[in-house]
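# Fold and geometry: a report
Spelled out, the chains give:
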Amino acid sequence: TTEIYTLSLHDALPISESVEVMILLGRINWENDNKEQSLGYFLKAAKLEPGSWVPFVYLGHHYKSLNTPQGLDKARKCYQKCLQINPHEVEAGKGLSDIYRQTGKLQENLSFLSEVTGRSMAASGRCTWAWLRLGVHHLAADQPTQAVQAFQAALRGDSGDVTCWEALADAYMARGSFNAALKAFEKVQTMKENSEYARLMIAAIKDRVGKWRDASTDYRAILEHSPEYLPALRGLGESRSEERRVG
C-alpha cells in the first residue's frame with residue numbers, strides 16, 4: 001500500500017533535510033489520493049527550498065480543490081509563486097487563469113493570458129492552454145473576432161482538441177460567420193459523432209441562412225435519438241413554420 005511504501009522510504013532515505021524526498025513522498029501520496037498527507041510533505045519541501053517551483057504547483061492544486069474563498073486565494077498565491085520561479089509551468093498557468101475566471105478577476109486574467117501568449121507568435125503552436133483560455137475570455141466579453149483568432153492559435157498547437165473546435169465554431173457564430181461556423185461544427189461532429197450540441201448548431205445554422213428544409217431534416221434526425229429534446233423540438237417548429245410561410 002501507499003502507507004507501507006511511504007514508511008519504507010522514511011526508513012531508507014535521509015528525509016530530514018532532503019527536499020527531493022519530500023517532493024517524492026508528496027507526489028506519491030498525491031497520486032494515490034492521500035491529499036491531506038501530501039500537503040505536509042509539500043509544505044516542508046517549500047520551507048526547505050523556497051526556490052523550488054514543484055511544491056508550489058501541488059500546494060496550489062490542493063488549496064484550489066478546497067473550493068473556498070480562502071483556499072482559492074492561497075492557491076492563487078502558490079501558483080503565482082511557482083510562475084515567478086518557472087514562468088513556463090503549464091499546470092500553474094492553467095490553475096491561475098482558472099482561479100482568476102472563477103473569482104471574477106477578469107482583467108487580471110486577461111492581463112495574465114496576454115502576457116503568456118505575448119511570449120510566442122500565434123502561428124507557433126505554443127501556449128495552447130493560454131490561447132484557449134484567452135479565446136474563452138474574449139467570447140464571454142462579446143469580442144468574437146479576437147476569440148476566433150485566439151482559438152485558431154490554440155488549434156495550431158493541438159488540432160485534435162474537440163473542445164477548442166467547438167469553441168471556435170461558437171465564436172464564428174457570434175461573429176456572424178455562418179459558413180465558417182458550419183464547417184467548424186461539422187469538424188466537431190467528425191471528431192465526436194454523438195455531439196448533440198454540434199448537431200443542433202448545424203441545424204440552427206441552416207435555419208438561420210434560410211435552408212429550412214435541410215434544417216428540418218437535421219432536427220428530425222436529432223429527435224429520432226432524443227424525442228424530448230426541447231431545443232430540437234423548438235427548432236423544428238420554427239423551420240417548418242418558415243417553410244410554410246415562404247410556400
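Predicted model, so just to flag it, every value in this text is computed and none were measured. (Residues numbered from 1 in each chain as written. Predicted model: local features only at pLDDT ≥ 70, side-chain atom pairs only at ≥ 80, totals over all residues. Heavy atoms only, no water.)

## So, the packing of aromatic side chains
Applying the stated rule across the entire model yields 5 aromatic pairs. With 4.6 Å between their ring centres and 5 degrees between their planes, Phe42 and Tyr58 make a pair best called stacked. Taken together, the residues Phe42 in helix H3 (residues 35–48) and Tyr58 in helix H4 (residues 54–66) connect sequence positions 16 residues apart. In this structure, Phe42 and Tyr58 share a single accessibility class: buried. Both rings, one in Phe112 and one in Trp129, keep their centres 6.2 Å apart while their planes meet at 40 degrees; by these two values the pair is tilted. With Phe112 in helix H7 (residues 106–117) and Trp129 in helix H8 (residues 128–140), the pair connects residues that are 17 residues apart, well separated along the chain. (Phe/Tyr/Trp six-rings, centres within 6.5 Å; stacked < 30°, edge-to-face > 60°. Helix = DSSP H or I, 4+ residues; strand = E, 2+ residues; numbered from the N terminus. Buried < 20%, exposed > 50% of the residue type's maximum accessible area, 1.4 Å probe, protein only.)

## Looking at H7
Its 12 residues place the ends of H7 16 Å apart at the C-alpha level, agreeing with the 16 Å of an ideal helix rising 1.5 Å per residue. Turning to H7, its buried residues are Asn109, Leu110, Phe112, Leu113, Val116 and Thr117. The buried residues of H7 occupy an angular sector of 170 degrees when projected down its axis, which confines them to one face. For H7, the elements touching its buried residues are helix H5 (69–85), helix H6 (90–102) and H8. (Expected span 1.5 Å × (residues − 1). Arc of directions from axis to C-beta. Contact = heavy atoms within 4.5 Å.)

## Side note on the pattern of salt bridges
Taken as a whole, this structure holds 10 salt bridges when the rule is applied. Two residues, Asp98 and Arg133, come together in a salt bridge whose shortest N-O distance is 2.9 Å. Taken together, the residues Asp98 in helix H6 and Arg133 in helix H8 connect sequence positions 35 residues apart. You'll find Asp98 and Arg133 in the same group, each marked buried. In this structure, a network of salt bridges that share partners links the residues Asp73, Arg76 and Lys77. (Salt bridge = Lys/Arg side-chain N within 4 Å of Asp/Glu carboxyl O.)

## So, the side chain of Asp161
For Asp161, the position within the fold is in the loop between helix H9 (144–157) and helix H10 (162–175). The side chain of Asp161 is buried and forms no salt bridge, while Arg133, the nearest opposite charge, is found at 8.0 Å. Setting aside residues no more than four positions away along its own chain, Asp161 makes contact with Leu132, Leu155 and Met191. (Lys, Arg positive; Asp, Glu negative; His and termini not counted.)

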